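Residue-level listing of the chains:
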Amino acid sequence: MTSTTRLTVAQALVRFLSAQYTERDGVRQRLIGATWGIFGHGNVAGIGQALIEYGDVMPYHQGRNEQSMVHAAVGYARQSNRLSTHAVTTSIGPGATNLVTGAALATINHLPVLLLPGDIFATRPADPVLQQLEVPYAGDVSVNDCLRPVSKYFDRITRPEALIPSALNAMRVLTDPVETGAVTLALPQDVQAEAYDWPDDFFAERTWVVRRPGADPTELAEAVRAVRSARRPLVIAGGGVHHSRAEEALAEFAEVTRIPVASTQAGKGCLRFDHPQDVGGVGHTGTATADELARTADLVIGVGTRYTDFTTASGTLFTGEGVRFLNLNIAPFDGHKLAGMPLIADARTGLEELTERLEMHDHRVADSYVTEYTEDKDRWEHRVDACYEADEPDVRPTQPQVLGALDAIVDESDVIINAAGSLPGDLHKLWRARSRDQYHLEYGYSCMGYEIPAAIGVKLAAPDRPVWALVGDGTYLMMPTEIVTAVQEGVAIKVLLVQNHGYASIGGLSEETGAERFGTAYRFRAADGTFSGAPLPVDLAANAASLGMRVLRAKTVRDLREALAEARAADTPTCVYVETETADTVSGPPPAHAWWDVPVAETATRPSAVKARELYERHVSTRRRHL
């Protein structure tokens, strides 16, 4: 007879989660390392009570915003190579819907996170209840259904026994390197508190092995032929290289073949910046070196990339005569993009197999090609030096000079986190990544407000490393709330807060597309009705200090260097606040070397829009469909 234990659904779930493990390459670790939660009537007596009941096996973190809690969990998961993550519990209503943005971010970036929102009564003793969305045509719909399209797995647990198969499916998806993303188990508030006799086997330790599939022999042979016949091949390294821990395999492939390696935002750091084959970021925010190689490549070898429009310059970048694509990807969906030859495999396994075959043929690209990209890379590094250099240390820095000051004090142990604004473009072009996980850019969803909570998650996963959240004023104002969490938990993140009085990135894009920076500056309203008056007297440094963070103000380049060094050495949450040029001036980095498609008004009377449309049509005419 099967032995059982009588627990509530919430207690059973927490106990189950505490016994789940992942294993890859012989390394085993907890799958759900902790649970974040904000409590309301929809989860306080269910999951909340269960976390107290099992506090010895399930750590709890208190958040201030439900979206932020997901970002923290995602940051933890990425730093943990997707082998460990956190759960997030909320009440029903706005607490649940606040999860949607974080869930979309996780799923788009293929990063695992478990969401446990409360839900309306399954038994419907009163209808409607507080915060219930009434849908006249469907009694079984709640606001949690908003999470369906942004979740890789969704279930609503309306009976206790339904938790068993659903929980197992949730773990399967979280640990699947192809399918992973946000997983949602919606938990009606009455069901959470309902007791059931659970089979003890449900609580046994389970180890979910994260697989490394190899390549199909036929696909591998085709890939080898394609590489050997190419004269100007180029690797595009994406986030899949990091997820697979394939950095060493990529380095060996590059050294054996001497093929240059460009990187997406998610892939940057796959090779150190000073590796001979590293040519920097590619695409709209890429380096001149990488983008010119992309334009003339006859074979593009995508490794773990989704080929977003920033990477392909909206279909205008890869224009070489007869260019073909070879896509090494664990996901068939991505492996077949751009009519490419698929090489469906784990990134590390596939690279090792490809390198072995090419080494057997002693295959290397021509010396002239190596000389070409090496010299181009050297010229680009001089441009980076010029952007970073500050001849006058007692003046207000430009944004690239801010990055230069940070670059001068970090080493391989630092982690740099960013997601939105003008910083991603500057970082992709200029930042010199020193380790495989130093460069942490969330650019699949480019979500303002990600940086500070993600930094907390990263720091929890890597407590001995300096972790920096780089934010502009626009991003900071979106979501500074988790500073309180960092202070409460003693998580010594460093926030580099750049004040330029508005949305610098969108302001520049607005100007390029004929929208004249409308609605992008943080200024008083002028007499003509536009926001073109004096900058707002907002003191973000004082705001950060009011939330409990130590703040160092830097007015000049010299001040900035001293403040950054002091912050790096700090063992408490510390913010460095620096004001750069305003959002309606140029930030100082090299211009884009590839286009990005943002449609421009087809008809307009304002000269700026008319001119922008003419330029837009010229770019559109260069778009190429790879068939």
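Small disclaimer: the values here were computed from a predicted structure and weren't measured. (Residues numbered from 1 in each chain as written. Predicted model: local features only at pLDDT ≥ 70, side-chain atom pairs only at ≥ 80, totals over all residues. Heavy atoms only, no water.)

**Student:** In this structure, what is going on with the pattern of salt bridges? I would like to understand it.
**Tutor:** In a structure, side chains of opposite charge can pair up when their charged atoms sit close to one another. One pass over the full model with this rule turns up 38 salt bridges. A salt bridge links R623 to D597; its shortest N-O distance comes to 2.6 Å. Taken together, the residues R623 in the segment after α24 (607-620) and D597 in the loop between β23 (574-579) and α24 connect sequence positions 26 residues apart. If you follow the salt bridges from partner to partner, you end up with D25, R212, D346, R348 and E352 in one network. (Salt bridge = Lys/Arg side-chain N within 4 Å of Asp/Glu carboxyl O. Helix = DSSP H or I, 4+ residues; strand = E, 2+ residues; numbered from the N terminus.)

**Student:** Can you help me understand a nonpolar patch on the surface in this one?
**Tutor:** Nonpolar side chains collect at one region of the surface, where F39, V44 and Y60 lie side by side and expose about 240 Å² of accessible area between them. Topologically, Y60 is positioned in strand β5 (residues 60-62). (Patch = residues over 30% accessible without salt bridge, like charges linked within 9 Å, V, L, I, M, F, W, Y side chains within 5 Å. Areas by Shrake-Rupley, 256 points an atom, 1.4 Å probe, with all protein chains shown as cover.)

**Student:** Looking at this model, I keep getting lost on a negative patch on the surface. Mind explaining?
**Tutor:** A cluster of acidic residues, E252, E255, E356, E359 and D362, forms a negative patch at the surface. Taken together, the elements giving at least two residues each to the negative patch come down to α10 (247-257) and α14 (347-360). Structurally, the position occupied by E252 is in helix α10. (Lys, Arg positive; Asp, Glu negative; His and termini not counted. Charge placed at Lys NZ, Arg CZ, Asp CG, Glu CD.)

**Student:** Is there a simple way to think about the pairing of strand β15 (residues 299-303) in this case?
**Tutor:** In regular strands, side chains alternate between the two faces of the sheet. Within β15, five of the five residues are buried, which leaves it mostly tucked inside the rest of the structure. The two faces of β15 match: L299, I301 and V303 on one face and V300 and G302 on the other face are all buried. Across five bridges, the pairing between strand β12 (residues 233-237) and β15 is parallel. Its bridge partner being in β15, A237 is matched across the sheet by V303. When β15 meets strand β16 (residues 324-329), the two strands line up parallel, connected through five bridges. When the sheet's bridge partners are listed, I301 is paired in β16 with L326. (Buried < 20%, exposed > 50% of the residue type's maximum accessible area, 1.4 Å probe, protein only. Pairing = 2+ DSSP bridges.)

**Student:** Would you explain the state of the cysteines in this entry?
**Tutor:** Between two cysteines, a covalent bond joining their sulfur atoms is known as a disulfide. All chains considered together, the criterion is met by zero disulfides. For C447, which is in no disulfide, the shortest distance to another cysteine sulfur is to C146 and amounts to 16 Å. (Disulfide = S-S within 2.5 Å.)

**Student:** In this structure, what is going on with the sheet that holds strand β21 (residues 494-499)? I would like to understand it.
**Tutor:** In sheet architecture, strand pairing relies on hydrogen bonds along the backbone and comes in two forms, parallel and antiparallel. Spatially, β19-β18-β20-β21-β23-β22 is the arrangement adopted by the six strands of the open sheet, whose pairing is parallel. Each edge of the open sheet is held by one strand with a lone partner, namely β19 (439-441) and β22 (550-554). Averaged over all pairs of adjacent strands, the angle between strand axes in this sheet comes to 20 degrees, irrespective of strand direction. As paired strands, strand β18 (residues 415-418) and strand β20 (residues 467-472) are joined by three bridges and run parallel to one another. When the sheet's bridge partners are listed, I417 is paired in β20 with A469. In the packing of helix α17 (residues 423-430) onto the sheet, contacts are made with β18, β19 and β20, and the angle to β19 comes to roughly 150 degrees. (Axes fitted to C-alpha atoms, helices over the stretch in contact; angles between N-to-C directions. Contact = heavy atoms within 4.5 Å.)

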